[in-house]
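Per-entry structural report
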2 protein chains.
Amino acid sequence: MTTLTAAGIEPLFRLLGRYMPLEEEDRAALMGLETGPICIRDPRHDIAREGENPSVVRLLVSGWACRYKDLPDGRRQIVGFFLPGDFCDLNIYILKELDHSIGALTAVRYFEIQPQQFQSVIEDRPQLLRALLWHEMVCSGIQREWLLSIGQRSPLERLAHLFVELYYRLSAVGLATGLSFDFPITQNHLAEANGLSLVHLNRTLQEMRRERLIELSDKQLRINDLDRLKRVAMFNSNYLHFDRPTVGAAPARRNPSP
Amino acid sequence: MTTLTAAGIEPLFRLLGRYMPLEEEDRAALMGLETGPICIRDPRHDIAREGENPSVVRLLVSGWACRYKDLPDGRRQIVGFFLPGDFCDLNIYILKELDHSIGALTAVRYFEIQPQQFQSVIEDRPQLLRALLWHEMVCSGIQREWLLSIGQRSPLERLAHLFVELYYRLSAVGLATGLSFDFPITQNHLAEANGLSLVHLNRTLQEMRRERLIELSDKQLRINDLDRLKRVAMFNSNYLHFDRPTVGAAPARRNPSP
DNA sequence: CCTGCACACTAACGCAGATTAGCGGCGCGA
DNA sequence: TCGCGCCGCTAATCTGCGTTAGTGTGCAGG
C-alpha cells in the first residue's frame, strides 16, 4: 500500500476547486489516502462489468474512460465519459451491484482506493464530503443534459454540445490549451455516446468542419469559434455547477507525468 | 407548521422499505418531520423552474410530476417521472441552483419540508440517510437506463421498457392492482419523455395494443403479458436496486386518502 | 344552446438518418 | 516484407419517423 502521487491527484484538486475553495488541509487529507499501485489498462479493456460488485473506488489519473450500458443483442450506449480527476463510481458506498459497465477508451492510468479510506478523510474534513457529493450530483446533471441532447437536439447540435461540455470539463482539470485539447477517442465512441450510426456521425463531423466550427485531426480537437459553437448547441453551462472560476487558467501540460 | 400525515407518508415508507428494513423508530423519525400545509397544484403548472434556488424539499403524496429540461426554442424533454413517495430534489442540499424544471403532470399533492428538518432525523437514524442516498442513486440509475432507451431502443422497445419500469415503481409504493394501474398522463407527455413525436408515439401505442401487449384507455394501463413485455423491452430490473421484495404485496387502494 | 379547447387518433408526404458496401492509409505482428 | 485489422471517410439505397393537416369525441364555460 502506498499513497497517491502529487501529479496523480492534481486534476482532482483542480476539479474540486471549481466547486469550492480547497484548503491546504483538504489537499493533505486527500493526499493521505492509501491506494494500491497505479493501474494501467488498454483501450477497449473493461475496467468493471455490469453486475459486478466492485469494492474499490477508482480515481482516473490519465486517459479517458466511459460508463456504458449494453443490450443483450449487442447495441451499446455510452452514458458518460470519465476524464482525469474523475472518480469512477463513488456510489459503491451505497449500491451493492453495478448497473452499468466501465470501459477504457484509451490507455488509462488510475488508482484504486478502498472505500473505508474515505471514512477518516470525511470525518476530518466534512467539506470534502460535500465536494464529493457535489461532483456526484454534477454527474447526474450531465446525464440529464445528455438525455435532453439525445431526445431533442439534432445530431449537429448534439455533437456541438458535447464538444463544448468536454471543453469545459477538460479546462477545469487543466487539460485544455486555449481552445484546443487532446481528443483521443474514435468516431465509433462518439457515435455510441450520441446514439448515432457511425456513418451519420462522420457526416455530421464533416459538416461541422465545413461550417468551420471545429477542426479535428490527429486526435486533437480545436474549437474555432466557441461562442458560435455554444449558440449552435444552445449551451447553458449552469448544469456543470462550476461555481468558482478556473484557478490559474494554466497553460496546462498535455499529459501529467506520473 | 404541522407534521406529515400517516396516509401521506405511506408511499415513502413502502419505497424505502424496498431498499432496507425500516424500523419503527425510522418511521417515527420521518413522521416527526415538520412541514407546511399540504400543497396542491394543477396539471401543467410548474412546481419549480430551472434557475431557481428552491429552499424546500418536496415529498410527493399523490399525482404524477416530472423533471424536465427545455431548449430556448421550446423543445422539451421529460427526463424523469416523480411518483407518490418520491422526493423532488434532495440535491438542493448541495447544489445552489436548479438545472432543470419540475412540473405537475396531473393534479398533485405534496408536502414542503425545510432541509434543516432532515438534520436531526439523519443524526438520530443514520440508516435513513443511507436510504435517502440510495434512492437518489436509483434515480441516477434510472436516468442512465433512459439514456440507453432513447439512444438504442426502438420506439416500441422504449415504450415497453417505460411501462415495465412504471409498473415496478408503482408496485413498490402500492399503487398497482395486479398488472393494472392508474396512468394519468397524456400521450403528449409520453412523447416528450421518449423523444418521439406525438404522432409516432400514437402509432407505437396502437402497435402495442395490436400486439396485445397492453391495454390503455380511460387513464388506466393494463399489462397483458408481463413476461412478453419484459422480453420485448429487454428489461433487466437490476438498475432499480430493489433489494428486498415488495412487502405485503397489498391489494392497494388506488388513491391514498388525505 | 353553441363555442372553444384538450385529447386521441389517422393519412399523406418527404427527409433525416440507418444500413450496407466499399475505399485508402496506417500501425503491428508474423 | 507481407498480410491483417483498425480507423476515417464516402456513395447508394431504403425506411422510420417527423411534419402537416386533418377527423371525431368529450367536456367546460358563456
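What counts and what doesn't
Note that residues are indexed from 1 along each chain, following the sequence as it is written. Chain letters and ligand numbers both follow the written order, the letters beginning at A and the numbers at 1. At least 70 in pLDDT is required for a residue's local features to be given in this predicted model, at least 80 for side-chain atom pairs to be given and counted, and no such filter applies to totals for whole chains, interfaces and linings, which use all residues. Hydrogen atoms and water are omitted, and side-chain values are computed over all heavy atoms in the structure. Only DSSP runs of H or I with at least four residues qualify as helices, and only runs of E with at least two residues qualify as strands; both kinds are numbered from the N terminus onward. Computation of the radius of gyration draws on C-alpha atoms, with the globule rule given as 2.2 Å multiplied by the number of residues to the power 0.38. Accessible area is worked out with a 1.4 Å probe on protein chains only. A residue is then buried under 20% of its type maximum, exposed over 50%, and partly exposed in between. Every residue pair with non-hydrogen atoms within 4.5 Å of one another is taken to be in contact. Here the open area of atoms and residues is found with the Shrake-Rupley method and a 1.4 Å probe, where only the protein chains shown may cover a residue. Under the convention used here, Asp and Glu are negative, Lys and Arg are positive, and both His and the chain ends fall outside the count. By convention, the point assigned to a charge is CZ for Arg, NZ for Lys, CD for Glu and CG for Asp. Salt bridge, as used here: a side-chain nitrogen of Lys or Arg that lies within 4 Å of a carboxyl oxygen of Asp or Glu. Working definition of a nonpolar core: buried Ala, Val, Leu, Ile, Met, Phe, Trp, Tyr and Cys residues. They are joined through side-chain atoms within 4.5 Å. For a helix, the expected span equals 1.5 Å multiplied by the residue count minus one. What makes a residue near a molecule or strand is one non-hydrogen atom of that residue sitting within 4 Å of it. What qualifies as a polar contact is a pair of N or O atoms within 3.5 Å, subject to a donor-acceptor requirement within protein and to the restriction that residues adjacent in sequence count only when both atoms come from side chains. In this classification, the charged set is Asp, Glu, Lys and Arg, the nonpolar set is Ala, Val, Leu, Ile, Met, Phe, Trp, Tyr, Cys and Pro, and all remaining amino acids, among them Gly, are polar. How far each domain reaches was decided by an automatic or database domain assignment. In short, buried area is how much 1.4 Å probe accessible area vanishes from two parts on joining, totalled over both.

Observations regarding the overall build of chain A
The helix and strand tally for chain A stands at eight helices and 14 strands. Taken over the C-alpha trace, chain A has a radius of gyration of 18 Å; the compact-globule value for 258 residues is 18 Å, and the two agree within 12%. Structurally, chain A occupies a C-alpha span of about 50 × 45 × 30 Å along its principal axes. Taking all 258 residues of chain A together, 59% fall into the buried category. A separation of at least 24 residues holds for 75% of the contacts in chain A among residues at least 6 apart in sequence. Accessible surface, chain A as shown: approximately 10,200 Å² in total, 51% of it carbon and sulfur. Placing the 31 positive and 32 negative side-chain charges of chain A at their respective mean positions leaves the two points 6 Å apart.

A word on the side chain of Glu-165 of chain A
Residues and elements named next belong to chain A. Within the fold, Glu-165 resides in helix 5 (residues 155-172). The side chain of Glu-165 sits in the buried core without any salt bridge; Arg-169 is the nearest counter-charge, 4.0 Å away. With residues near it in sequence (within four places) discarded, Glu-165 still touches Ile-142, Trp-146, Phe-235 and Tyr-239.

A look at the nonpolar core
Counting residues in hydrophobic clusters, the biggest one holds 157 residues, and the most contacted among them are Phe-81, Phe-163 and Phe-183 of chain A together with Phe-81, Phe-163 and Phe-183 of chain B. In terms of residue count, the dominant contributor to this core is helix 5 of chain A (eleven residues). Not counting the four nearest positions on each side in its chain, Phe-163 of chain A is found in contact with Phe-181, Phe-183, Leu-190, Leu-205, Met-208, Ile-214, Leu-221, Ile-223 and Leu-229 of chain A.

With respect to helix 5 of chain A
Here helix 5 of chain A spans 26 Å end to end across 18 residues, near enough to the 26 Å set by a 1.5 Å rise per residue. Just downstream of helix 5 of chain A lies Gly-174 of chain A, where phi reads positive at about 75°.

Details of the protein's contact with DNA strand C
Near DNA strand C there are 14 residues, and of these Pro-155, Ser-197 and His-200 of chain A together with Gln-187 and Arg-209 of chain B occur at the shortest range. Here, DNA strand C places atoms within 4 Å of the protein, and 69% of those atoms are sugar or phosphate. A distance of 3.4 Å separates a phosphate oxygen of DNA strand C from a polar side-chain atom of Asn-202 of chain B. One of the side-chain nitrogen or oxygen atoms of Gln-206 of chain B is found 3.3 Å away from a sugar or linking oxygen of DNA strand C. Breaking the surface near DNA strand C down by element, the ones donating at least two residues are helix 7 (198-210) of chain A together with helix 7 (198-210) of chain B. For the surface near DNA strand C, the leading source of residues is helix 7 of chain B, giving five residues. Across the surface near DNA strand C, the residue classes break down as four nonpolar, seven polar and three charged.

Considering the domain arrangement of chain A
All names here are of chain A. One can read the domain layout of chain A as domain 1 (2-126) and domain 2 (137-240). Distance from the C-alpha centre of domain 1 to the C-alpha centre of domain 2: 23 Å. With both sides pooled, the region where domain 1 packs onto domain 2 buries about 1,800 Å², and carbon together with sulfur makes up 66% of that total. Remark: the boundary between domain 1 and domain 2 carries two salt bridges. The interface formed by domain 1 and domain 2 includes six residue pairs in polar contact (both at pLDDT 80 or more). At the level of secondary structure, the elements contributing two or more residues to the side of domain 1 that touches domain 2 comprise helix 1 (6-17) and strand 7 (76-82). The biggest single contributor to the side of domain 1 that touches domain 2 is strand 7, with seven residues. Its residues placed into classes, the side of domain 1 that touches domain 2 shows eleven nonpolar, three polar and six charged.

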